[in-house]
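Overview (structure and organization)
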Amino acid sequence: KSSATSGENDFISDGFGFSVEYSLAPNFDASVSGILQTFNGSSAFDLGARYSHIPAGGLGFSGGLNYEFARTVTGFTTGSSTFALATSPTFGFLLARVNLAYGIGMAYGYAGANFSLPQASAGFFTNSSFAGGVGVQAGVGVKVMTNLGFEGEYRMVNFGATNGTTNYDYFRNWGVVLKAVL
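We now turn to the structure provided with this report. Since this is a predicted model, take the numbers as computed values, not measurements. (Residues numbered from 1 in each chain as written. Predicted model: local features only at pLDDT ≥ 70, side-chain atom pairs only at ≥ 80, totals over all residues. Heavy atoms only, no water.)

Here we look at the overall build of the protein
Along the backbone of the protein there are zero helices and 13 strands. Ordered by position from N to C terminus, the α and β elements of the protein give β-β-β-β-β-β-β-β-β-β-β-β-β. Classification of the 182 residues of the protein by burial places 42% in the buried group. Put simply, 63% of the contacts in the protein that link residues at least 6 apart link residues at least 24 apart. Counting every atom, the protein has about 8600 Å² of accessible surface; 65% of that belongs to carbon and sulfur. Side chains of the protein carry 8 positive and 10 negative charges; the gap between the two charge centres is 1 Å. (Helix = DSSP H or I, 4+ residues; strand = E, 2+ residues; numbered from the N terminus. Buried < 20%, exposed > 50% of the residue type's maximum accessible area, 1.4 Å probe, protein only. Contact = heavy atoms within 4.5 Å. Areas by Shrake-Rupley, 256 points an atom, 1.4 Å probe, with all protein chains shown as cover. Lys, Arg positive; Asp, Glu negative; His and termini not counted. Charge placed at Lys NZ, Arg CZ, Asp CG, Glu CD.)

Observations regarding a nonpolar patch on the surface
The grouping of F18, V20, Y22, L24, F45, L47, F69, Y154, W174, V176, L178 and L182 at the surface amounts to a nonpolar patch, some 1100 Å² of accessible area in total. Contributions of two or more residues to the nonpolar patch are made by β1 (11-23), β4 (44-55) and β13 (170-181). With respect to the secondary-structure elements, F45 resides in strand β4. (Patch = residues over 30% accessible without salt bridge, like charges linked within 9 Å, V, L, I, M, F, W, Y side chains within 5 Å. Salt bridge = Lys/Arg side-chain N within 4 Å of Asp/Glu carboxyl O.)

Digging into the packing of aromatic side chains
For the structure shown, the criterion picks out 19 aromatic pairs. Ring plane angle 65° and centroid distance 4.9 Å describe the contact between F16 and Y51, whose orientation is recorded as edge-to-face. Pair noted here: F16 is in strand β1 and Y51 is in strand β4, with a separation of 35 residues, a long-range link. Overall, the relative accessible area of 61% leaves F16 in the exposed class. Judged by its relative accessible area of 32%, Y51 falls in the partly exposed class. (Phe/Tyr/Trp six-rings, centres within 6.5 Å; stacked < 30°, edge-to-face > 60°.)

As for the side chain of R50
Inspection of the secondary structure puts R50 in strand β4. When its relative accessible area of 15% is taken as the criterion, R50 is described as buried. Separated by 3.0 Å, the side chains of R50 and E151 make a polar contact. (Polar contact = N/O pair within 3.5 Å; in protein donor to acceptor, adjacent residues only side chain to side chain.)

What follows is the structure, encoded as C-alpha coordinates:
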(Lines give C-alpha, C1' and ligand atoms only; values in the text may rest on other atoms or scores of the structure.)
Protein backbone atom coordinates (compact mmCIF):
# COMPACT_ATOMS: atom_id res chain seq x y z
CA LYS A 1 0.00 0.00 0.00
CA SER A 2 1.21 3.50 -0.71
CA SER A 3 0.19 6.40 1.48
CA ALA A 4 2.70 9.23 1.51
CA THR A 5 2.51 11.75 4.33
CA SER A 6 3.75 14.87 2.56
CA GLY A 7 3.54 13.90 -1.10
CA GLU A 8 2.48 11.01 -3.28
CA ASN A 9 6.05 10.23 -4.35
CA ASP A 10 7.76 10.42 -0.93
CA PHE A 11 7.38 6.67 -0.38
CA ILE A 12 7.43 3.67 -2.66
CA SER A 13 5.51 1.78 0.00
CA ASP A 14 4.31 2.96 3.41
CA GLY A 15 1.79 1.04 5.48
CA PHE A 16 0.03 -2.30 5.58
CA GLY A 17 -0.41 -4.34 2.44
CA PHE A 18 -0.92 -7.79 0.98
CA SER A 19 0.91 -9.98 -1.50
CA VAL A 20 0.07 -12.83 -3.83
CA GLU A 21 3.13 -14.94 -4.58
CA TYR A 22 4.17 -17.90 -6.69
CA SER A 23 7.21 -19.98 -5.76
CA LEU A 24 9.12 -21.40 -8.72
CA ALA A 25 11.07 -23.65 -6.33
CA PRO A 26 9.25 -27.01 -6.27
CA ASN A 27 11.84 -29.20 -4.57
CA PHE A 28 13.31 -29.55 -1.10
CA ASP A 29 17.00 -30.34 -0.70
CA ALA A 30 18.14 -32.41 2.27
CA SER A 31 21.19 -34.13 3.66
CA VAL A 32 21.49 -37.03 6.09
CA SER A 33 25.02 -37.73 7.32
CA GLY A 34 26.38 -36.06 4.19
CA ILE A 35 24.17 -38.03 1.77
CA LEU A 36 22.28 -35.58 -0.44
CA GLN A 37 18.58 -36.03 -1.20
CA THR A 38 16.07 -34.04 -3.24
CA PHE A 39 12.37 -34.29 -2.42
CA ASN A 40 10.42 -33.72 -5.63
CA GLY A 41 7.40 -31.48 -5.25
CA SER A 42 5.21 -29.00 -7.04
CA SER A 43 5.38 -25.20 -7.15
CA ALA A 44 3.16 -23.34 -4.70
CA PHE A 45 1.15 -20.16 -4.17
CA ASP A 46 1.63 -17.89 -1.15
CA LEU A 47 -0.59 -15.24 0.42
CA GLY A 48 1.02 -12.64 2.61
CA ALA A 49 0.35 -9.65 4.85
CA ARG A 50 3.06 -7.09 5.49
CA TYR A 51 3.99 -3.70 6.77
CA SER A 52 6.51 -1.65 4.83
CA HIS A 53 8.15 1.76 5.05
CA ILE A 54 10.30 2.24 1.95
CA PRO A 55 11.14 5.83 1.01
CA ALA A 56 11.60 6.79 -2.66
CA GLY A 57 15.20 7.76 -1.90
CA GLY A 58 16.73 6.02 1.08
CA LEU A 59 16.78 3.23 3.61
CA GLY A 60 13.57 1.56 4.79
CA PHE A 61 12.21 -1.75 5.98
CA SER A 62 9.46 -4.32 5.53
CA GLY A 63 8.20 -7.25 7.53
CA GLY A 64 5.34 -9.68 7.33
CA LEU A 65 3.86 -13.13 7.48
CA ASN A 66 3.25 -15.44 4.51
CA TYR A 67 1.37 -18.70 4.19
CA GLU A 68 2.69 -20.99 1.48
CA PHE A 69 -0.04 -23.42 0.46
CA ALA A 70 0.89 -27.08 0.73
CA ARG A 71 2.63 -28.65 -2.23
CA THR A 72 2.46 -32.36 -3.01
CA VAL A 73 5.71 -34.29 -2.60
CA THR A 74 5.78 -37.16 -5.10
CA GLY A 75 9.13 -38.79 -4.36
CA PHE A 76 12.79 -38.28 -3.62
CA THR A 77 16.11 -38.66 -5.37
CA THR A 78 19.34 -39.75 -3.75
CA GLY A 79 22.39 -40.21 -5.92
CA SER A 80 21.12 -41.43 -9.29
CA SER A 81 18.10 -43.27 -7.85
CA THR A 82 14.58 -41.83 -7.66
CA PHE A 83 11.92 -43.28 -5.36
CA ALA A 84 8.17 -42.62 -5.47
CA LEU A 85 6.24 -41.91 -2.27
CA ALA A 86 3.07 -44.00 -2.18
CA THR A 87 1.15 -41.57 0.02
CA SER A 88 1.87 -38.27 -1.87
CA PRO A 89 2.21 -36.23 1.33
CA THR A 90 1.99 -32.45 1.34
CA PHE A 91 4.28 -29.81 2.82
CA GLY A 92 3.43 -26.15 3.41
CA PHE A 93 4.63 -23.48 5.81
CA LEU A 94 4.14 -20.13 7.48
CA LEU A 95 7.00 -17.73 6.96
CA ALA A 96 7.75 -14.71 9.16
CA ARG A 97 10.14 -12.29 7.47
CA VAL A 98 11.95 -8.97 8.00
CA ASN A 99 13.93 -6.96 5.43
CA LEU A 100 16.01 -3.85 5.10
CA ALA A 101 15.17 -2.04 1.88
CA TYR A 102 16.67 0.77 -0.17
CA GLY A 103 14.48 2.81 -2.51
CA ILE A 104 15.61 4.66 -5.64
CA GLY A 105 12.80 6.44 -7.46
CA MET A 106 9.98 3.90 -7.72
CA ALA A 107 12.27 0.84 -7.53
CA TYR A 108 13.84 -0.79 -4.50
CA GLY A 109 16.05 -3.63 -3.41
CA TYR A 110 15.76 -5.58 -0.17
CA ALA A 111 17.40 -8.32 1.84
CA GLY A 112 16.58 -9.96 5.12
CA ALA A 113 15.91 -13.01 7.24
CA ASN A 114 12.97 -15.38 7.57
CA PHE A 115 11.78 -18.00 10.04
CA SER A 116 9.68 -20.97 8.90
CA LEU A 117 6.86 -22.79 10.68
CA PRO A 118 6.42 -26.01 8.66
CA GLN A 119 3.18 -27.96 8.24
CA ALA A 120 3.68 -31.49 6.88
CA SER A 121 0.82 -33.91 6.30
CA ALA A 122 0.75 -37.35 7.88
CA GLY A 123 2.65 -39.94 5.90
CA PHE A 124 5.54 -37.69 4.92
CA PHE A 125 7.90 -40.09 6.68
CA THR A 126 7.28 -42.71 9.31
CA ASN A 127 7.85 -41.04 12.69
CA SER A 128 8.90 -37.76 11.08
CA SER A 129 8.88 -34.33 12.65
CA PHE A 130 9.72 -30.89 11.35
CA ALA A 131 10.77 -27.71 13.12
CA GLY A 132 11.20 -24.12 12.04
CA GLY A 133 14.49 -22.72 10.86
CA VAL A 134 16.14 -19.42 9.92
CA GLY A 135 16.59 -18.58 6.24
CA VAL A 136 17.32 -15.57 4.02
CA GLN A 137 15.85 -13.70 1.07
CA ALA A 138 16.89 -10.88 -1.27
CA GLY A 139 15.02 -9.24 -4.10
CA VAL A 140 14.04 -6.23 -6.15
CA GLY A 141 10.71 -4.52 -6.59
CA VAL A 142 9.04 -1.75 -8.53
CA LYS A 143 5.91 0.29 -7.85
CA VAL A 144 3.84 0.47 -11.06
CA MET A 145 0.66 2.13 -9.73
CA THR A 146 -0.41 3.77 -6.48
CA ASN A 147 -1.36 0.47 -4.83
CA LEU A 148 0.38 -2.10 -7.03
CA GLY A 149 3.95 -3.30 -7.26
CA PHE A 150 5.86 -6.36 -8.43
CA GLU A 151 8.79 -8.13 -6.81
CA GLY A 152 11.21 -10.85 -7.78
CA GLU A 153 12.98 -12.61 -4.95
CA TYR A 154 15.55 -15.31 -4.34
CA ARG A 155 14.65 -17.11 -1.13
CA MET A 156 16.07 -19.92 1.00
CA VAL A 157 13.79 -21.41 3.67
CA ASN A 158 15.34 -23.81 6.19
CA PHE A 159 13.63 -26.42 8.36
CA GLY A 160 14.72 -28.80 11.07
CA ALA A 161 13.77 -32.39 10.17
CA THR A 162 13.92 -35.74 11.93
CA ASN A 163 12.97 -39.10 10.46
CA GLY A 164 12.59 -41.51 13.38
CA THR A 165 15.94 -41.30 15.15
CA THR A 166 17.77 -39.76 12.16
CA ASN A 167 18.39 -36.00 12.21
CA TYR A 168 18.76 -34.28 8.86
CA ASP A 169 21.87 -32.10 8.42
CA TYR A 170 19.58 -29.69 6.59
CA PHE A 171 16.16 -29.65 4.92
CA ARG A 172 15.48 -26.57 2.78
CA ASN A 173 13.57 -25.03 -0.09
CA TRP A 174 15.31 -22.41 -2.21
CA GLY A 175 14.71 -20.57 -5.45
CA VAL A 176 12.86 -17.72 -7.15
CA VAL A 177 9.53 -16.28 -5.95
CA LEU A 178 7.43 -13.86 -8.06
CA LYS A 179 5.07 -11.45 -6.26
CA ALA A 180 2.28 -8.96 -6.83
CA VAL A 181 2.26 -6.52 -3.90
CA LEU A 182 -0.97 -4.67 -3.08
